[in-house]
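# Observations on the model geometry
Here's the letter readout for the chains.
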Amino acid sequence: MSKFITRPKYYEQIQTELNQVESDSGRFISMRGRRRVGKSRLLEEFFKDRKIPYVFFTASHQKDKEVGLFQKEISQSAIPAAKGVSGLEFTSWEGALTYIADTALGTKPSVVIIDEFPYLVEDDPS
């Protein structure tokens, strides 16, 4: 992998959002920009540098398989939800995200990064 050049301005913005989560509750943050400029890598590097558990998922227009693919990514991640996910089967995004939220309580924030999020909304507007 090529050397990552940090972007202090964006790191500061992400840290501000993270501070809000640590003092309040969960947040949904949307990051927009041109394709292939490093938005996802920026997030991965930020959380990896700070040793904050995260799960990274890339939506892929596989409507009926997306939640199952997401569950697989959870199981391979370092978030607290990974420990008990193997015996479960999520049937909805609400169920998967609720499970992550419930298992994150009382721990460091668990971060969910969903790349290509618009694909999920197109395929399942609910």
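What this report covers is the structure whose coordinates are included nearby.

Criteria and cut-off values
- For every chain, the first residue of the written sequence is number 1, and numbering continues from 1 onward in sequence order.
- Selection of residues for local features in this predicted model requires a pLDDT of at least 70, selection of side-chain atom pairs for listing and counting requires 80 or more, and totals for whole chains, interfaces and linings are taken over all residues.
- The basis for every side-chain value is the complete set of heavy atoms in the structure, and neither hydrogens nor water enter the calculation.
- To define a nonpolar core, start from buried Ala, Val, Leu, Ile, Met, Phe, Trp, Tyr and Cys residues and group those joined through side-chain atoms within 4.5 Å.
- Burial classes: relative accessible area under 20% of the type maximum marks a residue as buried, over 50% as exposed, and values in between as partly exposed (1.4 Å probe, protein chains only).
- Helix numbers and strand numbers start at the N terminus; a helix is a DSSP run of H or I with at least 4 residues, a strand a run of E with at least 2.
- We call two residues contacting when some pair of their heavy atoms lies within 4.5 Å.
- By the convention used here, strands pair only if DSSP detects at least 2 bridges between them.

### Things to note about the nonpolar core
Ranked by internal contacts, the top residues of the largest apolar core, which has 15 residues, are Phe-70, Ile-74, Ile-79, Ala-81, Phe-90, Trp-93 and Ile-100. Where this core is concerned, the elements lending two or more residues are strand 1 (54–58), helix 3 (66–75) and helix 4 (93–104). Tallying contributions element by element places helix 4 first for this core, with four residues. The contact partners of Ala-81, leaving out residues within four places of it in the chain, are Ile-74, Tyr-99, Ile-100 and Thr-103. Counting residues in each nonpolar core, the second largest holds twelve residues, with Tyr-11, Ile-14, Leu-18 and Ile-113 among its members.

### Description of the pairing of strand 1
Counted residue by residue, strand 1 has four buried out of five residues, so it is predominantly covered. Sheet analysis places strand 1 next to strand 2 (residues 111–115), joined by five bridges and oriented parallel. Bridge pairing in strand 2 links Val-55 to Val-112.

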